[in-house]
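# Residue-level structural notes
What follows is the residue order along each chain.
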Amino acid sequence: MKISAVLLLSVLIVLPGIMEADSGSRKGAMLRSIVLPGWGQMHLGHSTRGIVFISLDVLTWAGVGLSYLEGTFNRDDYRWLAASEAGLSVSGRSSDFLDDMSDFDSSTEFNDYIHRLARYYYPDDPDAQRNYYESHALYGSDSWNWSSDAARNQFADRLRDSRQWFRRSMYIAAFAMVNRVVSVIDASLLDERRPGVYTSLSFPEYHDFSSVRFSIGARF
């Protein structure tokens, strides 16, 4: 997956900086959070915040793995259905080709549809009709014939499910990257000795409780 490759590359880039960063430094915390969200917070002594970020990262990548596995299982299912019920291997086929297989009972039916389209697009030009048909029709090693409507519908369901699971794995992986960025920003705002986000409560006028003052802020 592209996101995983980018993540691995970023880890390899920042590792030397982590090794050179001073213990307890904000820079070292930020670099650690790039490698593992929450590590930087724990490096500065903010264990609870660190555990939250690390837990989110673990759960997120577990979701990526499970979604990818579901996508793979459904992909294997629709490939098997195509080979056993339609007589065609679809490994490496384009998305458009797979969509055509899920919509038409056979390549013959699909070619009839292409022929009708050619006549519709070029009603007065037989040569253009022929060229359109020859460039879009599927035959020979691209031909198929489903054994039943049930098999074709099952293929369409597995194809749809596989795409959805792979899409989900990408979305979840994107969230993992967002969690990493948030962790780095959070680590940059934390004080090496005190919590980065602080609150205070005071009574400027000792005998007047209506003068209570509450403030919240962040140390940079």
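Residues numbered from 1 in each chain as written. Predicted model: local features only at pLDDT ≥ 70, side-chain atom pairs only at ≥ 80, totals over all residues. Heavy atoms only, no water.

## Quick word on the overall build of the protein chain
A count of helices and strands for the protein chain gives 8 helices and 2 strands. Start at the N end of the protein chain and walk to the C end: the helices and strands fall as α-α-α-α-α-α-α-α-β-β. With 220 residues in all, the protein chain has 35% of them scored as buried. Looking at the protein chain as shown, the accessible area adds up to about 13400 Å², and 58% of this sits on carbon and sulfur atoms. (Helix = DSSP H or I, 4+ residues; strand = E, 2+ residues; numbered from the N terminus. Buried < 20%, exposed > 50% of the residue type's maximum accessible area, 1.4 Å probe, protein only. Areas by Shrake-Rupley, 256 points an atom, 1.4 Å probe, with all protein chains shown as cover.)

## Considering the nonpolar core
Grouped together as the largest cluster of nonpolar side chains are 21 residues, with contacts concentrated most on Met101, Trp144, Trp146 and Phe155. Listing elements by their share of this core, those giving two or more residues are helix H4 (47-85), helix H5 (95-103), helix H6 (107-121) and helix H8 (149-189). Tallying contributions element by element places H6 first for this core, with 4 residues. The residues touching Trp146, leaving out its near neighbours within four places in the chain, are Leu81, Ala82, Glu85, Ala86, Met101, Phe104, Asp105, Ala151, Arg152 and Phe155. (Core = buried A, V, L, I, M, F, W, Y, C linked by side-chain atoms within 4.5 Å. Contact = heavy atoms within 4.5 Å.)

## Observations concerning the side chain of Asn179
Within the element layout of this structure, Asn179 appears in helix H8. A residue is classified by how much of its surface remains accessible, and Asn179, at 5% relative accessible area, is buried. In this view, Asn179 contacts Pro37, Phe53, Leu56 and Asp57; residues no more than four positions away in its chain are not counted.

## Thoughts on the pattern of salt bridges
If you walk through the whole model with that rule in mind, you get 10 salt bridges. Note that Arg180 is salt-bridged to Asp57, the shortest N-O span being 3.8 Å. Here Asp57 lies in helix H4 and Arg180 lies in helix H8, a separation of 123 residues in the sequence. The same class applies to Arg180 as to Asp57, namely buried. For Asp149, the salt bridge identified is with Arg152, shortest N-O distance 3.9 Å. With a gap of 3 residues between them, Asp149 and Arg152 both fall in helix H8, about one helical turn apart. Overall, Asp149 belongs to the partly exposed group, its relative accessible area being 43%. (Salt bridge = Lys/Arg side-chain N within 4 Å of Asp/Glu carboxyl O.)

Interpretation in functional terms is not warranted from these geometric data alone.
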